[in-house]
Amino acid sequence: MRHAKGVRTMLRAGVDLIKLMATGGVYTEGEEPGSPQLTVEEMRAAVEEAHKAGRKVAAHAEGLQGILNALEAGVDTIEHGNFLDEGAVQRMVAGGQILVPTISPFYRMAQLGTEGGIPEYAARKAKQVVAGSFHAVELAKAGGVPIAAGTDDGSPKLPHGVLVYELELLVRAGLSPGEALSSATRVAAQACGLANQVGTLEAGKSADFIGIWGDPLHDISTLRNIDTVVIGGRLVKHHGTPLIQHGSISEVRL
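Model, not experiment: these values are computed from the prediction.

Definitions and cut-offs
Residues numbered from 1 in each chain as written. Predicted model: local features only at pLDDT ≥ 70, side-chain atom pairs only at ≥ 80, totals over all residues. Heavy atoms only, no water. Core = buried A, V, L, I, M, F, W, Y, C linked by side-chain atoms within 4.5 Å. Buried < 20%, exposed > 50% of the residue type's maximum accessible area, 1.4 Å probe, protein only. Helix = DSSP H or I, 4+ residues; strand = E, 2+ residues; numbered from the N terminus. Contact = heavy atoms within 4.5 Å. pLDDT = per-residue confidence, 0-100. Axes fitted to C-alpha atoms, helices over the stretch in contact; angles between N-to-C directions. Parallel < 35°, antiparallel > 145°, perpendicular 65-115°, else oblique. Left-handed = near helix turned anticlockwise from the far one by under 90°. Nonpolar A, V, L, I, M, F, W, Y, C, P; charged D, E, K, R; others polar. Pairing = 2+ DSSP bridges.

In this section: the nonpolar core. Generally speaking, a soluble globular protein has its nonpolar side chains buried in company with each other. Leu 20, Val 75, Ile 78, Leu 84 and Leu 170 are the most contacted members of the largest nonpolar core, which totals 56 residues. Considering every element that reaches this core, the biggest residue donor is helix α6 (residues 120-143), with 10 residues. Those residues in contact with Ile 78, other than ones at most four positions away along the chain, are Ala 59, Ala 61, Ile 67, Ala 70, Leu 71, Met 92, Ile 98, Leu 99 and Val 100. Ile 98, Val 100, Ala 148 and Val 187 belong to the second-largest nonpolar core, a separate cluster that totals five residues.

What follows is the structure in structure tokens.
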């Protein structure tokens, strides 16, 4: 099957993640979020090849049928999951899949609209799905599905580096600040298959962490106030200023 062949080609090229388009999307012209794009059989073949090589498989899935197809195929994460329902939640719990809601792009495009420079087709679809994004988080939390933070940054009007914005939206959707923080650390590491390296402060892990002004367990937005950055156990930013190390300035882009 050509999808298995395509995965093998990408694996030979050294990719560390396979992503499948189970449905159409919001910011691609000419397709709809609820329209399935791949069959269960096509996705299952891709999943089997990826898993044999120890790679995770993510599925872009917005409409319910596409979500169900991706779950049946055995993917590891559902990206977006806008029209998740209780049945899909139960299947995710049973299958151990993780939801990555990525509310940011939909909320941003719906908020700006055509007046803010968003193409009409994208603004229309974003307004259709953004409420579903919030509902999906509610269902996932209630049903016990792990939620990982993702942003789709780089999409229209959403520059790279907007993770805190996503966490603020997850809190608005019903996560506690602590749950939102975990979604960007522990659960995100689990979703990427890196839980033994990053995601929590434990002996033997990478020792990457930040220090902030404020308490994110009280107000998630305090994550915007970064004072200190430690990478690999080395202090590279303190009092908001990069430190000089070995004759060069360590650049930490926030």
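Having seen the model, we can carry on.
Per-chain confidence: the chain averages 92 in pLDDT, with 95% of residues scoring 70 or above. For residues 246-254, every residue scores under 50 in pLDDT, and the model assigns this stretch 15 contacts once sequence neighbours within four places are set aside.

Closest axis-to-axis distance for the helix α5 (residues 103-112)/α6 pair is 8 Å, and the angle between their directions is 135°. On the basis of the axis angle, α5 is oblique to α6. The handedness of the crossing between α5 and α6 is left-handed. Where α5 abuts α6, its residues Ile 103, Phe 106, Tyr 107, Met 109 and Ala 110 lie against Ala 122, Ala 123, Ala 126, Lys 127, Val 129, Val 130, Ser 133, Phe 134 and Val 137. When the residues that make up the contact of α5 with α6 are grouped by side-chain class, the tally is 12 nonpolar, one polar and one charged.

A few words on the sheet that holds strand β4 (residues 98-100). Ordered in space as β1-β2-β3-β4, the four strands form an open sheet in which the pairing is parallel. Unpaired on one side and paired on the other, β1 (17-21) and β4 mark the two borders of the sheet. Neighbour-to-neighbour, the strand axes of this sheet turn through a mean angle of 25°, independent of strand direction. Across five bridges, the pairing between β1 and strand β2 (residues 56-61) is parallel. What sits directly across from Lys 19, in β2, is Ala 58.

Attention now goes to helix α3 (residues 64-73). Among the 10 residues that make up α3, seven are buried, leaving the element largely enclosed by the rest of the structure. Those residues of α3 that are buried are in contact with α2 (40-52), β2, β3 (77-80) and α4 (86-95). Two residues or fewer after α3 comes Gly 74, characterised by a positive phi angle close to 90°.

This next bit is on unusual backbone geometry. A positive phi angle is found at Asp 152, which is not glycine, with a value near 55°. Mapped onto the elements, Asp 152 comes out in the loop between α6 and α7 (163-173). Residue Asp 152 is classed as partly exposed on the basis of its relative accessible area of 22%. Positive phi, close to 60°, is recorded for Ala 207, a residue that is not glycine. Among the structural elements, Ala 207 can be located in the loop between α9 (186-191) and β5 (209-212). Judged by its relative accessible area of 30%, Ala 207 falls in the partly exposed class.

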